[in-house]
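Examining the three-dimensional arrangement
Take a look at the letters that make up each chain.
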Amino acid sequence: MLYAILCYNSEALVGAWTKEQDDAVMAHHHGIEGKLAALGKLGPVVRLMPTTTATTLRDGHDTLVFDGPFAETKEQLLGFYVLDCASLDDAIEAARPLFVDGGALEIRPILYFNPGNPAK
Amino acid sequence: MAWIDAALTSARPQAMAALLRYFRNLDTAEEAFQEACLRALQRWPQNGPPRDPAAWLILVGRNAALDEVRQRKHHVELPEDDALISDLDDTETALAERLDSSHYRDDVLRLLFICCHPDLPTTQQIALALRVVSGLSVKEIARAFLVSEAAMEQRITRAKRRIAAANVPFETPGAVDRAVRLAAVAAMIYLLFNEGYSASGGEEHVRVALCEEAIRLARLLLRLFQSECEIMGLTALLLLQHARARARLDAEGAIVLLDNQDRSLWNRELIAEGLALIDKALRHRQPGPYQLQAAIAGVHAHAARPEDTDWSEIDQIYAVLETLQPSPVVTLNRAVAVSKVHGAEAALAMIEPLAQPLAGYFHFFGVKGAFLMQLGRNDEARVAFHQAIALANTAAEAAHIRSHLDRLMKDSAARNNAKSSA
């Protein structure tokens with residue numbers, strides 16, 4: 001079974017880390033990535049940019065595009081795509097066809113990406 | 001205790017903002033916050049951090065300050081709603097929810113705005129923001145500004161007194177007032193960054209800390225005002241400038257110009273975030289000075305080598321900036337782009353009318369000298385460089401110009417040798 005693990009913390013707090021603290025956190029994660037990769041357990045690992053870089057699309061009569069992260073609590077996180085796009089406009093166009101019946105899509109640039117190599 | 005420091009630092013703007021709304025006095029709010037931090041340092045190591053550190057600090061700080069007032073007045077009856085706040089865990093959730101409502105945005109904006117009140121000179125604005133919002137110690141701020149601790153203490157006290165007299169209203173601001181406040185706060189954050197960036201003396205790690213603090217405040221402001229494209233532009237600008245920090249000074253502390261910087265030292269993560277924000281801002285099609293300056297920095301960031309720089313793009317962005325915010329300094333900067341696209345002759349003609357308004361400006365003479373040197377007018381270049389040195393603000397600036405003069409000297413020596421051997 002493939003599992004996704006989603007990481008949450010206060011962005012203000014993470015933003016208050018010193019460079020050394022941030023580096024230490026990343027080193028901790030890289031260590032775990034190495035171990036999991038050696039076990040053939042590692043799929044893609046991503047560090048997202050801050051929510052200030054996010055853009056959200058809302059399904060409706062016309063798709064609404066607004067700045068900022070997805071903030072409603074009535075919907076739940078159901079899945080995600082990782083796309084390689086030339087610009088935010090490209091990413092928005094690539095995301096539009098994903099809507100089927102309502103919901104929202106948050107587009108967030110990726111800061112760090114390790115594709116991983118899970119064993120079959 | 002590093003995690004407690006980070007938690008207190010990150011909660012500070014929100015907690016201070018709420019305490020200020022409650023007490024309507026900067027000193028009381030600060031004392032209340034200090035007291036709450038002391039208690040946090042006692043309790044958090046044993047009990048672990050609360051789920052919402054800001055809410056915890058606001059409640060504890062508020063109660064501590066009220067106790068203080070009560071003790072001074074001797075036995076005042078407890079107001080009923082304060083009696084309820086004795087059990088923190090129950091009220092924490094409710095309070096956190098109230099904090100999330102829209103006035104928390106305006107609280108933080110007010111706190112920032114108070115620090116950059118137009119009555120205050122800019123150095124006081126920055127000092128006050130660093131003290132009140134960022135929570136830097138007076139000693140740290142004094143070091144950043146190269147003044148004694150006592151002088152800085154006095155400066156901050158004076159600033160607070162002026163603010164108290166200025167009576168900033170505590171009502172929720174209207175749309176126009178909010179825009180005015182945002183613009184003032186953005187300008188203050190930009191100044192704070194420049195204080196760290198312009199290297200007008202001081203230890204390097206102190207200056208880097210100022211830049212990082214400015215970026216933290218810009219991100220905070222943008223989190224509160226998600227769709228303000230000028231705040232996106234400001235944040236992007238600071239990120240893109242700061243990304244080059246490690247390449248800007250050489251081992252001796254001398255300035256390394258963009259053309260000569262080792263681009264492998266540029267911080268790619270900051271650049272990526274800055275570019276993402278510009279991308280987002282430009283979709284609004286409401287260009288402003290911060291966005292345009294960020295876009296220019298973005299063009300530089302895109303170039304893997306100096307010769308890959310799209311100077312005509314930079315020239316065009318400066319042209320828009322000139323119409324939006326006409327200033328001799330903008331024209332001077334544009335002339336540098338023009339010299340790359342159309343040559344030094346055209347650029348020199350462009351800066352001629354600036355001689356009067358920029359008569360006391362170091363960079364004007366540095367740029368003028370560089371154009372003249374490119375045209376082989378070495379004697380005139382030498383005059384311009386000497387004028388620049390006389391106006392240099394830092395040893396690094398003067399040293400940089402002196403390196404041009406050295407080149408001119410070697411150049412003419414080489415020519416004289418060539419002549420005598422001919």
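Reading the values: rules and limits
Residues numbered from 1 in each chain as written. Chains lettered and ligands numbered in written order. Predicted model: local features only at pLDDT ≥ 70, side-chain atom pairs only at ≥ 80, totals over all residues. Helix = DSSP H or I, 4+ residues; strand = E, 2+ residues; numbered from the N terminus. Buried ≥ 20, exposed ≤ 12 C-beta atoms within 10 Å, placed from the backbone. Contact = placed C-beta atoms within 7 Å. Pairing = 2+ DSSP bridges. Axes fitted to C-alpha atoms, helices over the stretch in contact; angles between N-to-C directions. Expected span 1.5 Å × (residues − 1). Arc of directions from axis to C-beta. Core = buried A, V, L, I, M, F, W, Y, C linked by C-beta atoms within 7 Å. pLDDT = per-residue confidence, 0-100. Parallel < 35°, antiparallel > 145°, perpendicular 65-115°, else oblique. Left-handed = near helix turned anticlockwise from the far one by under 90°. Nonpolar A, V, L, I, M, F, W, Y, C, P; charged D, E, K, R; others polar.

A word on the overall build of chain B
- Tallying secondary structure elements over chain B gives 21 helices and zero strands in all.
- A buried classification covers 40% of the 422 residues belonging to chain B.

A short note on the overall build of chain A
- The helix and strand inventory of chain A stands at three helices and five strands.
- Listing every helix and strand of chain A by position from the N terminus yields α-α-β-β-β-α-β-β.
- With respect to the principal axes defined by its C-alpha atoms, chain A has extents near 45 × 40 × 30 Å.
- Residue burial in chain A is summarised as follows: out of 120 residues, 12% are buried.
- Within chain A, counting contacts between residues at least 6 apart in sequence, those at least 24 apart form 70% of the total.

Details of unusual backbone geometry
Residue and element names in this part refer to chain B.
- Even without a glycine there, the phi angle at L146 is positive, about 55°.
- Residue placement: L146 occurs in the loop between helix 8 (138–144) and helix 9 (149–166).
- If you check the backbone angles, R285 has positive phi at about 50° while not being a glycine.
- Positionally, R285 belongs in the loop between helix 14 (268–282) and helix 15 (289–302).

A word on the interface of chain A and chain B
- Contacts between the two partners involve 21 residues from chain A, matched on the other side by 20 residues from chain B.
- Listing elements by their share of the side of chain A that touches chain B, those giving two or more residues are helix 1 (11–16), strand 3 (64–67) and helix 3 (88–95) of chain A.
- Here the element with the most residues in the side of chain A that touches chain B is helix 1 of chain A; it accounts for four residues.

Some details on the sheet that holds strand 2 (residues 55–58) of chain A
Residues and elements named next belong to chain A.
- Read across the sheet, three strands follow the order 3-2-4 without closing on themselves; strand pairing throughout is antiparallel. Each edge of the sheet is formed by a strand with only one pairing partner; in this case those strands are strand 3 and strand 4 (104–107). Going from strand to strand, the sheet's axes swing by 20° on average, the running direction of each strand aside.
- The pairing of strand 2 with strand 3 spans four bridges and is classified as antiparallel. Each residue of the ladder has a partner; that of R58, found in strand 3, is L64.

Description of helix 9 of chain B
Residues and elements named next belong to chain B.
- If you check helix 9, its first and last C-alpha atoms are 26 Å apart, about what 18 residues at 1.5 Å a residue would give, namely 26 Å.
- If you check which residues of helix 9 are buried, you get M152, R155, A159 and K160. All buried residues of helix 9 project into a common sector of 135° when viewed along the axis, lining one side. What points out from helix 9, more than 90 degrees from its buried face, is the exposed set A150, A151, T157, R161 and A165.
- Residues of helix 9 that are buried sit in contact with helix 2 (26–47), helix 7 (122–132) and helix 8.

Some remarks on the nonpolar core
- Counting 116 residues, the largest nonpolar core has M16, L57, L112, A129, V185 and I189 of chain B as the members making the most contacts within it.
- By residue number, the principal contributor to this core is helix 1 (residues 2–23) of chain B, which donates ten residues.
- Core analysis: the next-biggest nonpolar cluster, separate from the first, contains six residues, L88, A91, L105 and I107 of chain A among them.

As for the confidence of the model for chain A
- Scored by pLDDT, chain A comes out at a mean of 93, with 99% of its residues at no less than 70.
- Of all the helices and strands in chain A, helix 1 of chain A carries the lowest mean pLDDT, 89, while strand 1 (residues 45–48) of chain A carries the highest, 97.

Here we look at the pairing of strand 4 of chain A
Residue and element names in this part refer to chain A.
- Burial along strand 4 is one-sided: L105 and I107 are buried, and none of A104 and E106, which face the opposite way, are.
- In this sheet, strand 4 lies alongside strand 2 in antiparallel orientation, the contact comprising four bridges. Paired with R58 across the bridge in strand 4 is A104.

Some details on the packing of helix 19 (residues 362–374) of chain B against helix 20 (residues 378–391) of chain B
All names here are of chain B.
- Their axes nearest at 8 Å, the elements helix 19 and helix 20 cross at an angle of 160°. By the criterion of interaxial angle, the relationship of helix 19 to helix 20 is roughly antiparallel. Relative to helix 20, the crossing made by helix 19 is left-handed. Residues F362, F365, G366, K368, G369, L372 and M373 of helix 19 pack against N378, E380, A381, A384, F385, Q387, A388 and L391 of helix 20.

Some details on the environment of A17 of chain B
All names here are of chain B.
- Within the element layout of this structure, A17 appears in helix 1.
- Overall, the presence of 27 C-beta atoms within 10 Å leaves A17 in the buried class.
- Spatially, the C-alpha atoms of A17 and A29 are 8.4 Å apart, while their sequence positions differ by twelve residues.
- When near neighbours in sequence (up to four residues on either side) are disregarded, A17 contacts D107, V108, R110 and L111.

Describing the packing of helix 15 of chain B against helix 16 (residues 311–324) of chain B
Residue and element names in this part refer to chain B.
- Closest axis-to-axis distance for the helix 15/helix 16 pair is 10 Å, and the angle between their directions is 165°. In terms of their interaxial angle, helix 15 and helix 16 are classed as roughly antiparallel. The handedness of the crossing between helix 15 and helix 16 is left-handed. In contact with P289, L292, A295, I296 and V299 of helix 15, helix 16 contributes E313, I314, I317, V320, L321 and L324.
- Its residues assigned to classes, the contact of helix 15 with helix 16 shows ten nonpolar, no polar and one charged.

Some points on helix 10 (residues 175–197) of chain B
- With 23 residues, helix 10 of chain B ought to run about 33 Å at 1.5 Å a step, and its terminal C-alpha atoms sit 32 Å apart, in line with that.
- For helix 10 of chain B, every residue scored as buried is listed here: L182, V185, A186, M188, I189, L192, F193, E195, G196 and Y197 of chain B.

Regarding the confidence of the model for chain B
All names here are of chain B.
- The predicted model of chain B averages 87 in pLDDT, with 90% of residues at 70 or higher.
- Low confidence marks residues 78–87, where pLDDT is under 50. Its contacts with residues over four positions away, or in another chain, come to six contacts.
- Both scores are available for the predicted complex, with the pTM at 0.87 and the ipTM at 0.91.

Concerning the environment of K280 of chain B
- As for its position among the elements, K280 of chain B is in helix 14.
- Classification of K280 of chain B by C-beta neighbours within 10 Å gives buried; the count is 24.
- When residues no more than four places from it in sequence are discounted, the contact partners of K280 of chain B are T53, T55, D67 and L88 of chain A together with M232 of chain B.

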